[in-house]
Amino acid sequence: MKILTAQQTREAENKCFEEYYDECELMLKAGIACFDEIIKYYYDDMKNKSVAVFCGNGKNAGDGFVISRLLYSKGIDTKIVLCDKKPIIAEPLMYYNQAVSSGVMVEMYNENSTKCDFIIDCIFGIGFHGEAKAPFDRIFSDIANCNATVISIDTPSGCDSTTGSVCKNAVKADFTIAVSTLKYCHILPPSNEHCSKTVVVDIGIPNVCYDDNYAHTITFEEVRSSLPEIKLNAHKGSNGKLLCICGSYNMVGAAVFCVESAIRTGAGLVKLVTPKSAYPIIASHTVQSVFCPVDENDGIISLSSLDTILDELKTCDCVVIGCGMGVNDDTRKIVTKVLENSNVPVIIDADGINSLLSSIDILKDIKVPVVLTPHPSEMARLISKSVTEVQSNRIEISKNFAKEYGITLVLKGANTVVTDGENVFVNTTGNPSLAMGGTGDMLSGMIGSFAAQGMPVEDAVKAGVFIHGHNADSACKKFSKRGLTVFDLTEHLGILMSEFEA
């Protein structure tokens with residue numbers, strides 16, 4: 001599914017106006033499509049309840065006027081609330097007059113306007129930016145403090161559709177209906193929290209009106225179709241050999257979660273290089289992988305094990321390095337040498353990323369595919385910015401970094417971003433249950449497993465992040481968001497993979 005900025009949306013709509021529908025027709029289509037979605041989700045709840053359609057003075061109000069007329073025609077107690085002044089733009093004015101002629105009551109905003117059961121927010125559309133000015137600042141505040149269920153059309157008012165920033169007291173919707181496509185405010189923090197559940201409605205803009213350079217969401221069908229076929233005569237070698245260089249005495253769980261998730265997503269053979277002191281603990285929790293216990297210093301893999309690691313590189317199809325590995329001078333050299341000597345894709349996570357901070361430019365010279373999977377704090381360290389700066393510009397920061405260093409970047413968090421510097425994908429699966437230690441290690445193992453099985457790296461990453469989130473969504477139905485553990489997630493993963501098999 002496409003994700004557009006405000007400007008890209010305007011460009012697509014203008015192409016549509018030139019070749020297919022005039023603005024009046026498209027506004028009607030948008031209003032009808034949004035009305036249909038409201039009825040689908042809320043009709044039973046709206047019976048015998050009051051609905052106020054809050055309209056600004058722009059084109060977004062036109063959708064609201066159409067919606068109000070259609071709701072009223074269904075016998076729902078509906079009124080229009082004008083938040084500033086009567087419409088003066090031709091198209092919204094026409095639909096305003098139609099609504100009034102149909103019997104819909106109109107009032108100018110007042111202190112009693114929010115005393116209703118439902119508010120349909122058509123105050124601003126994709127054009128909002130900055131801070132709300134009077135009278136909208138007061139209206140936003142009143143909506144924030146009322147008890148009504150709020151349904152926002154296209155974007156919650158007060159959210160910047162392009163940057164995802166929000167103004168003070170921006171509308172927090174219980175349900176958002178995105179018109180034609182997702183916008184960045186639906187998937188970027190902090191505005192994504194203001195959108196809550198978001199659905200997209202098709203209003204008939206032909207595909208030829210859109211360009212090819214948009215960000216996209218990752219879909220179930222593309223992930224399912226990208227997974228390799230399970231062949232009748234498969235054996236452990238043909239199903240991919242994954243080398244995991246993970247774990248330390250203090251972080252044994254990271255290694256367990258990484259190898260277990262790799263096994264449960266189909267890797268034929270998983271070998272774990274880990275410190276000797278960590279081996280007994282790890283082996284008590286996972287037995288299917290092959291172990292390669294190596295020398296250590298203070299519970300962390302020692303540089304003296306490098307020759308062993310380089311030998312193991314010769315027989316694997318993909319490498320995952322860094323999960324729970326620890327950071328010191330030895331790990332910095334090990335990560336560098338693995339990158340320089342690998343002939344297969346390398347997935348770098350956690351302490352692998354932290355071990356690269358002082359030598360990040362080495363990535364520019366590596367010829368094999370490299371994937372970095374930072375969380376926002378790790379990303380901030382990579383580019384010497386604050387976490388706030390990273391989170392406020394996730395798409396561009398990810399894209400620029402991936403392009404500069406020639407890697408695939410997975411910026412984790414709600415709506416994980418995947419980019420190779422050109423293409424941008426955003427994952428919409430997952431939930432807050434993943435906000436705990438160990439889930440990132442699990443993701444690295446999954447990506448490594450798919451890459452080891454022969455999937456192109458971009459496909460392996462997209463499959464990893466989508467299934468990782470989808471697994472959490474599914475597991476929460478059995479467990480809970482608070483009570484879910486990473487062990488629960490890894491056990492559930494094997495069952496979940498049946499959804500992706502023919």
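Going by the structure above, here's the rest.
Keep in mind that this is a model prediction, so the values were computed, not measured.

**Side note on helix α1 (residues 6–19)**
Spanning 14 residues, α1 covers 20 Å between terminal C-alpha atoms, matching the ideal 20 Å at 1.5 Å per step. The complete set of buried residues in α1 reads Ala 6, Gln 8, Thr 9, Ala 12 and Cys 16. End-on, the buried residues of α1 take up no more than an arc of 165°, which puts them together on one face.

**So, the environment of Gly 31**
With respect to the element layout, Gly 31 can be found in helix α2 (residues 23–46). Looking at Gly 31, the relative accessible area reads 0%, which means it is buried. Between the C-alpha atoms of Gly 31 and Gly 64, which are 33 residues apart in sequence, the distance is 6.7 Å. The contact partners of Gly 31, leaving out residues within four places of it in the chain, are Asp 63, Val 66, Ile 67 and Leu 70.

**What to know about the packing of helix α16 (residues 439–452) against helix α17 (residues 457–478)**
Running from N to C, α16 and α17 cross one another at 135°; their axes reach a closest spacing of 8 Å. It follows that α16 is oblique to α17 by the angle criterion. As for the relative orientation of α16 and α17, their crossing is right-handed in sense. Residues Thr 439, Met 442, Leu 443, Met 446, Ile 447, Phe 450 and Ala 451 of α16 lie in contact with α17, whose contacting residues are Ala 460, Val 461, Ala 463, Gly 464, Val 465, Ile 467, His 468 and Asn 471. For the contact of α16 with α17, the class distribution of residues is 11 nonpolar, four polar and no charged.

**Let's talk about the layout of surface pockets**
There is about 1,600 Å³ of room inside the largest pocket. Looking at the largest pocket, it is lined by 49 residues, and the ones nearest its centre are Ala 414, Asn 415, Thr 429, Gly 430 and Asn 431. Contributing elements (two or more residues each) for the lining of the largest pocket: α6 (191–195), β9 (197–201), α13 (376–383), α16 and α17. If one sorts the elements of the lining of the largest pocket by residue count, α17 sits on top with five residues. Split into classes, the residues belonging to the lining of the largest pocket amount to 19 nonpolar, 22 polar and eight charged. There is about 610 Å³ of room inside the second largest pocket. Lining of the second largest pocket is provided by 26 residues; of these, Glu 13, Glu 23, Lys 59, Asn 60 and Ile 126 occupy positions nearest its centre.

**Points about the pattern of salt bridges**
Tallied over the entire structure, the rule returns 18 salt bridges. For Lys 403, the salt bridge is made with Glu 422, and the minimal N-O distance between the two is 3.6 Å. Of this pair, Lys 403 sits in helix α15 (residues 394–405) while Glu 422 sits in the loop between β20 (417–419) and β21 (424–426); the two residues are 19 residues apart in sequence, bridging distant segments of the chain. Through salt bridges with shared partners, a single ionic network connects Asp 361, Lys 364 and Glu 404.

Quick notes on the rules
- Residues numbered from 1 in each chain as written.
- Predicted model: local features only at pLDDT ≥ 70, side-chain atom pairs only at ≥ 80, totals over all residues.
- Heavy atoms only, no water.
- Helix = DSSP H or I, 4+ residues; strand = E, 2+ residues; numbered from the N terminus.
- Expected span 1.5 Å × (residues − 1).
- Buried < 20%, exposed > 50% of the residue type's maximum accessible area, 1.4 Å probe, protein only.
- Arc of directions from axis to C-beta.
- Contact = heavy atoms within 4.5 Å.
- Axes fitted to C-alpha atoms, helices over the stretch in contact; angles between N-to-C directions.
- Parallel < 35°, antiparallel > 145°, perpendicular 65-115°, else oblique.
- Left-handed = near helix turned anticlockwise from the far one by under 90°.
- Nonpolar A, V, L, I, M, F, W, Y, C, P; charged D, E, K, R; others polar.
- 1 Å grid on protein atoms, 1.4 Å probe; cavity = no way out; pocket = protein on both sides within 12 Å on 5 of 7 lines; lining within 4 Å.
- Points joined across faces, edges and corners; volume = space filled by probe spheres on them.
- Salt bridge = Lys/Arg side-chain N within 4 Å of Asp/Glu carboxyl O.

Keep in mind these values describe shape, not function.
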